[in-house]
Amino acid sequence: MTTTRLEAPAAEQDSDDTTVWIGLLIFLAMLAIYIVSNLDRVNFYNHFVWQASAWLDGQFGIRFPVTGTPTSPGNEYFQDVFPIAGTEPSRALIPFPPLPAVILLPFVAALGLTTNAQLIATFIGAIDVAIAFWMLGRLRLDRSVRIAATIFLGLGTVLWYAAELGSTWFFAHVVAVGLTLAAIGLALEADPRAANGDDEAEVGRPTGRRWPFGLDGRQFVAGLLFGLACTSRLTVIFGAPFFVLVGGGGSWPRRAIAAGLGTAIPVGVFLVYNLASTGHLMTPVYDYLYGLETGAYPQLNYHEGWAIEDPRYLIQNLPLMLAGLPDILRPCTDPNAVRGLFEATCPTIAPNEVGMGLFVTSPAWLLGFLSLRWWGVDRLVSGAAIAVAAIAVVNLMHFSQGWVQFGYRFSNDFAPFALILFALALQAMRRRWIGYSLIGLSVAINLWGVIWGHLFGW
């Protein structure tokens, strides 16, 4: 007999007022933790602030190099830039998708280059976790499971490190995570059969507001939010199959068309922006940087003869993503130091700056595999699993895996989809204390990583 999620016990139901208060408390708690985790925000890498400033100057390229002074920030140390020849003053292009700079635009207009992008990232990160709590409410989960899964995302994964640090690369992640979670939540609202585990035959009629050709308005907005997420982190777009299998419309073609139309708008604007700023639909800046970094960082094992996205990198990078280990008994930089758990010059065990395995830093993610028992019989599980796998494979084929970092920051790209698999597995467990214990262990490990990130000055 086929096992379905409908066999799980009925979930507890919260009142709307209770849900709002819990969500608000989660937001405030996460915001406080993220702020306290990094009181000394130096905004050393704040490419998006400079990009917003360039737009306000009517330019695509940022001013570069600019030497800092005691009263004015500089950027002469930036690495991820492509100098534009023949510009006066000298300017450079940055390779990153533009949405994070768009978000910072009003702040930069008011505060200029002193805008504290890292502090803004903490607010966005806390909002991400609150959105996760809302999204999980679209599933049939007990209150305790919903709260536990939310806490796991906020404190038991590398989202914590990304949100409290908030430098350029991590800022892009926290922007994309919240938008992806919101897109998933809207798709679940538009498709209650998938959210409740009822995967009986398609009825062929829309489940939400009727648009022309039977398209669902919420599915369109879900696609729009998903497309915006892609303009912060490009690889998120490979999670699109989720919105073919889950969402409003009553059939997969209607779901795909509605979500696809929504996604096409921001992605189309992004391509036009690339064409206007670089003359190419996809920015060539990464090609330039790949050539530089291949020779500059031999310890990262980049290969000049391989492409930026190359299947051979997948084989090379997979062990890092799954089981990259910390440094144990790293050589002491101070011969007089005594080894200690938090002795930066002579650590007993410390994070590896190249990265650490997903299941090493967040062992609770292992629960997600338990949801694969519903693969092929549950559209929600199948869609989430395909999205996770597709995003992970494309990221693994990329030459860089996110150095310098705690954990594996690229996991933020598929974490919103993986969170569904995790929450459904936790809901179905008979011995939930095992799941809660893994969450607690994940939180402790990520606290350890946040502390070490600051000890190392990452």
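Details of the structure are given in the entry above.
The model shown is predicted, which means the values in this text are computed figures rather than measured ones.

**Student:** I'd like a rundown of the overall build of the protein, residues and numbers included.
**Tutor:** Looking only at helices and strands, the protein has 17 helices and 5 strands in total. For 458 residues, the compact-globule estimate of 2.2 N^0.38 gives 23 Å, and the C-alpha radius of gyration of the protein, at 22 Å, lies within 12% of that figure. Its C-alpha atoms give the protein principal-axis dimensions of about 65 × 55 × 45 Å. A buried classification covers 54% of the 458 residues belonging to the protein. A fraction of 75% describes how many contacts in the protein between residues 6 or more apart in sequence connect residues 24 or more apart. Charge-centre separation for the protein: the mean point of 25 positive side chains lies 9 Å from the mean point of 31 negative side chains.

**Student:** Account for unusual backbone geometry, with residues named and values stated.
**Tutor:** Negative phi characterises most residues that are not glycine, and trans characterises most peptide bonds. A cis amide bond, omega 0 degrees, links Glu88 with the succeeding residue Pro89. Considering the arrangement of structural elements, one finds Pro89 in the loop between strand E2 (82-84) and strand E3 (91-93). Of note, the bond from Trp403 into Val404 is cis; its omega dihedral lies within 30 degrees of zero at 0 degrees. Assignment of secondary structure puts Val404 in the loop between helix H15 (379-396) and helix H16 (415-428). Within the chain, Asn301 stands out as a residue other than glycine whose phi angle is a positive 60 degrees. As for its position among the elements, Asn301 is in the loop between helix H12 (285-296) and helix H13 (311-323). Given a relative accessible area of 38%, Asn301 falls into the partly exposed group.

**Student:** Can you explain the pattern of salt bridges? Please cite residues and give values.
**Tutor:** Overall, the coordinates contain 9 salt bridges when judged by the stated rule. A salt bridge links Asp57 to Arg63; the nearest nitrogen and oxygen atoms lie 3.9 Å apart. The class for Asp57 is partly exposed, based on a relative accessible area of 41%. Across the pair Glu189 and Arg138 runs a salt bridge, and its minimum N-O distance is 3.5 Å. Here Arg138 lies in the loop between helix H4 (117-136) and helix H5 (143-155) and Glu189 lies in helix H7 (residues 168-190), a separation of 51 residues in the sequence. Residue Arg138 is classed as partly exposed on the basis of its relative accessible area of 23%. Among the charged side chains, a salt-bridge network with shared partners connects Asp57, Arg63 and Arg91.

**Student:** Just give me the short version of the sheet that holds E3, but keep the residues and values in it.
**Tutor:** The strand order E1-E3-E2 describes an open sheet built from 3 strands, whose pairing is antiparallel. In this open sheet, the two strands that pair with only one neighbour each are strand E1 (62-63) and E2. The sheet contact formed by E2 and E3 spans 3 bridges and is antiparallel. Residue pairing for E3: Pro83 is matched across the bridge by Ala92.

**Student:** How would you sum up the nonpolar core? Please name residues and give values.
**Tutor:** Core analysis: the largest hydrophobic core is formed by 115 residues, its most contacted members being Phe242, Phe243 and Phe422. Here this core gets 15 residues from one element, more than from any other, and that element is H7. Ignoring any residue separated from it by four or fewer positions in sequence, one finds Phe243 in contact with Ala183, Ile184, Ala187, Gln219, Ala222, Phe226, Arg255, Ala256, Ala259 and Phe417. Of all hydrophobic cores here, the second largest spans 8 residues; its members include Leu300, Tyr302, Tyr313 and Phe399.

**Student:** Describe helix H9 (residues 217-230), with residues and values.
**Tutor:** For H9, which comprises 14 residues, the first-to-last C-alpha distance of 20 Å matches the rise-based estimate of 20 Å (1.5 Å per residue) to within 8%. Counted residue by residue, H9 has 10 buried out of 14 residues, so it is predominantly covered. Looking at H9, one finds that the buried residues are Gly217, Gln219, Phe220, Ala222, Gly223, Leu225, Phe226, Gly227, Ala229 and Cys230. Packed against the buried residues of H9 are H7, helix H10 (241-245), helix H11 (252-278) and H16. Between the side-chain oxygen at the start of H9 and the backbone nitrogen of Arg218 there is a gap of 2.9 Å, and the oxygen is on Asp216.

**Student:** Summarise a nonpolar patch on the surface; cite the residues concerned and give the values.
**Tutor:** Nonpolar side chains collect at one region of the surface, where Leu341, Phe342, Leu447, Ile451 and Leu455 lie side by side and expose about 430 Å² of accessible area between them. Take Leu447: it is sitting in helix H17 (residues 432-455).

**Student:** Got a sec to walk through the environment of Gln59? Specific residues and values, please.
**Tutor:** Along the chain, the position of Gln59 falls in the loop between helix H2 (47-56) and E1. Here the alpha-carbon distance between Gln59 and Arg91, two residues 32 residues apart in the chain, equals 9.0 Å. Those residues in contact with Gln59 that lie beyond four places of it in its chain are Gln51, Ala54 and Arg91.

**Student:** Break down the state of the cysteines for me, citing the residues and quoting the values.
**Tutor:** Going through the model one piece at a time under the given rule, you end up with 1 disulfide. Disulfide pairing places Cys332 opposite Cys346 at an S-S distance of 1.8 Å. Highlighted residues: Cys332 in the loop between strand E4 (327-328) and strand E5 (349-350) and Cys346 in the loop between E4 and E5, separated in sequence by 14 residues. For Cys332, a relative accessible area of 35% corresponds to the partly exposed category. Given the relative accessible area of 1%, Cys346 is considered buried.

**Student:** Can you lay out the side chain of Arg432 for me, pointing to particular residues and giving the numbers?
**Tutor:** Tracing the backbone shows Arg432 in helix H17. For Arg432, a relative accessible area of 17% puts it in the buried group. Engagement of the side chain of Arg432 in a polar contact is seen with the side chain of Asp142, the distance being 2.7 Å.

**Student:** Go over the side chain of Thr150 with me, naming the residues and quoting the values.
**Tutor:** Mapped onto the elements, Thr150 comes out in helix H5. In terms of polar contacts, Thr150 uses its side chain to reach the backbone carbonyl oxygen of Arg146, at 2.7 Å.

**Student:** An account of the environment of Ala148 is requested, with residue identities and associated values reported.
**Tutor:** By secondary structure assignment, the location of Ala148 is in helix H5. Taking the relative accessible area as the measure of exposure, Ala148 reaches 11% and is therefore buried. Residues Ala148 and Phe133, 15 residues apart in the sequence, show an inter-C-alpha distance of 9.5 Å.

Each value, and the rule that gives it
- Residues numbered from 1 in each chain as written.
- Predicted model: local features only at pLDDT ≥ 70, side-chain atom pairs only at ≥ 80, totals over all residues.
- Heavy atoms only, no water.
- Helix = DSSP H or I, 4+ residues; strand = E, 2+ residues; numbered from the N terminus.
- Rg over C-alpha atoms; globule rule 2.2 N^0.38 Å.
- Buried < 20%, exposed > 50% of the residue type's maximum accessible area, 1.4 Å probe, protein only.
- Contact = heavy atoms within 4.5 Å.
- Lys, Arg positive; Asp, Glu negative; His and termini not counted.
- Charge placed at Lys NZ, Arg CZ, Asp CG, Glu CD.
- Salt bridge = Lys/Arg side-chain N within 4 Å of Asp/Glu carboxyl O.
- Pairing = 2+ DSSP bridges.
- Core = buried A, V, L, I, M, F, W, Y, C linked by side-chain atoms within 4.5 Å.
- Expected span 1.5 Å × (residues − 1).
- Polar contact = N/O pair within 3.5 Å; in protein donor to acceptor, adjacent residues only side chain to side chain.
- Patch = residues over 30% accessible without salt bridge, like charges linked within 9 Å, V, L, I, M, F, W, Y side chains within 5 Å.
- Areas by Shrake-Rupley, 256 points an atom, 1.4 Å probe, with all protein chains shown as cover.
- Disulfide = S-S within 2.5 Å.

Purely geometric stuff here, so don't read any function into it on its own.
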